[in-house]
Amino acid sequence: MTIAEWDERYRSRREDPSMEAPPAALVAETAARLAPGRALDLACGAGRNAIWLAAKGWKVTAVDGSQAAVDILRRRASAHSLVLSTAVADLEADEFPIEAAKWDLIVSAYYLQRGLFERIRAGVRPGGVAIVIAHTVACGEEPSAHRLRPGELRAYFSGWALLHDYEGVPRDAEHQRAVAEIAARRPEN
């Protein structure tokens, strides 16, 4: 989908109760075991992960290419009296610079841009954590721009301590396609 199509989708669903979805299970499980710090939520959509992280004391920056999605996120944060930073930026056009070793946690949930993985790795501070969830190919399908092949996500985080590594049926009810999930800690040195 294009950013304009995402904008239209969010505009048409801004009052939809699904915009209040809980965080991705992996985000909640992993972040609950970490001391709050600086978190970056890439392709944040309406902010289900960003809102939850901010409520748990994280200093959150949430980024999405859809202005409509970020507007929903801002309204939701305000309604919950939460403070977080937001940015509207096309990640594929590299409009949001990920500062090196700045983030205690970087989340990329249900968004696949292979070229972003190196930037995520560089952006997590030593000892920090990256959480990535992306759809995978079904049996007989070829990998595509939006679907990982089995084992591919794990390979992007080679050399990192894997806190969680899963491929299979999604644990988040709103997703139907198989996923790869990873939570990985960047080495201290």
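Computed from a predicted structure; not experimentally measured.

**Q** Any chance you could explain the packing of aromatic side chains here in plain terms?
**A** Within a pair of aromatic rings, the relevant descriptors are the distance that separates the centres and the angle that separates the planes. Taken as a whole and judged by the stated rule, the model has 3 aromatic pairs. For the ring pair Phe-117 and Phe-157, a centre distance of 6.1 Å and an interplane angle of 75° mean the geometry is edge-to-face. Of this pair, Phe-117 sits in helix H5 (residues 116-123) while Phe-157 sits in the loop between helix H6 (152-156) and strand S6 (161-168), placing them 40 residues apart in sequence. As far as the burial class goes, Phe-117 and Phe-157 line up, both buried. On the basis of an interplanar angle of 75° and a centroid distance of 5.4 Å, the ring pair of Phe-157 and Trp-160 is categorised as edge-to-face. The class for Phe-157 is buried, based on a relative accessible area of 1%. Aromatic ring contacts, followed pair by pair, group Phe-117, Tyr-156, Phe-157 and Trp-160 into a single cluster.

**Q** How do you make sense of the packing of helix H1 (residues 3-13) against helix H4 (residues 67-79) when you look at a structure like this?
**A** Helix packing for two helices is described by the angle between their axes and how far apart those axes are. Packing of H1 against H4 brings their axes to within 7 Å, and their N-to-C directions diverge by 40°. Facing H1, whose interface residues are Asp-7, Tyr-10 and Arg-11, H4 presents Gln-67, Ala-68, Ala-69 and Ile-72. Looking at side-chain class alone, the contact of H1 with H4 contains 4 nonpolar, 1 polar and 2 charged residues.

**Q** Where do I start with the sheet that holds S6 in this structure?
**A** Within a beta sheet, neighbouring strands are joined by backbone hydrogen bonds and run either parallel or antiparallel to one another. Read from one edge to the other, the open sheet built from 7 strands follows the order S3-S2-S1-S4-S5-S7-S6, with strand pairing classed as mixed. At either margin of the open sheet sits one strand with a lone partner, and together these are strand S3 (85-88) and S6. Going from strand to strand, the sheet's axes swing by 10° on average, the running direction of each strand aside. Alignment of strand S4 (residues 103-109) against strand S5 (residues 124-135), held across 6 bridges, turns out to be parallel.

**Q** Sorry if this is basic, but what is going on with the pattern of salt bridges here?
**A** When charged atoms on two side chains of opposite charge get close, those side chains can pair. Throughout the structure, instances matching the rule amount to 9 salt bridges. For Asp-71, the salt bridge is made with Arg-74, and the minimal N-O distance between the two is 3.7 Å. Remark: Arg-74 and Asp-71 occur in helix H4; sequence separation between them is 3 residues, near one turn of the helix. The partly exposed category is assigned to Asp-71, whose relative accessible area is 28%. For Glu-152, the salt bridge identified is with Arg-114, shortest N-O distance 2.6 Å. In this pair, Glu-152 sits in helix H6 while Arg-114 sits in the loop between S4 and H5, placing the two residues 38 residues apart along the sequence. The network of salt bridges with shared partners includes Arg-114, Arg-149 and Glu-152.

**Q** I would appreciate a short explanation of unusual backbone geometry in the present structure.
**A** Peptide bonds are, in most cases, trans, and in most cases residues other than glycine have a negative phi. For Ala-43, which is not glycine, the phi torsion reads 55° and is therefore positive. Tracing the chain through its elements places Ala-43 in the loop between strand S1 (38-42) and helix H3 (48-55). Judged by its relative accessible area of 18%, Ala-43 is buried. The phi dihedral of Ala-101 falls on the positive side, at around 50°, and the residue is not glycine. If you trace the backbone, Ala-101 turns up in the loop between S3 and S4. Assessed through its relative accessible area of 38%, Ala-101 is described here as partly exposed.

Here is what the cut-offs are and how they apply
- Residues numbered from 1 in each chain as written.
- Predicted model: local features only at pLDDT ≥ 70, side-chain atom pairs only at ≥ 80, totals over all residues.
- Heavy atoms only, no water.
- Phe/Tyr/Trp six-rings, centres within 6.5 Å; stacked < 30°, edge-to-face > 60°.
- Helix = DSSP H or I, 4+ residues; strand = E, 2+ residues; numbered from the N terminus.
- Buried < 20%, exposed > 50% of the residue type's maximum accessible area, 1.4 Å probe, protein only.
- Axes fitted to C-alpha atoms, helices over the stretch in contact; angles between N-to-C directions.
- Contact = heavy atoms within 4.5 Å.
- Nonpolar A, V, L, I, M, F, W, Y, C, P; charged D, E, K, R; others polar.
- Pairing = 2+ DSSP bridges.
- Salt bridge = Lys/Arg side-chain N within 4 Å of Asp/Glu carboxyl O.

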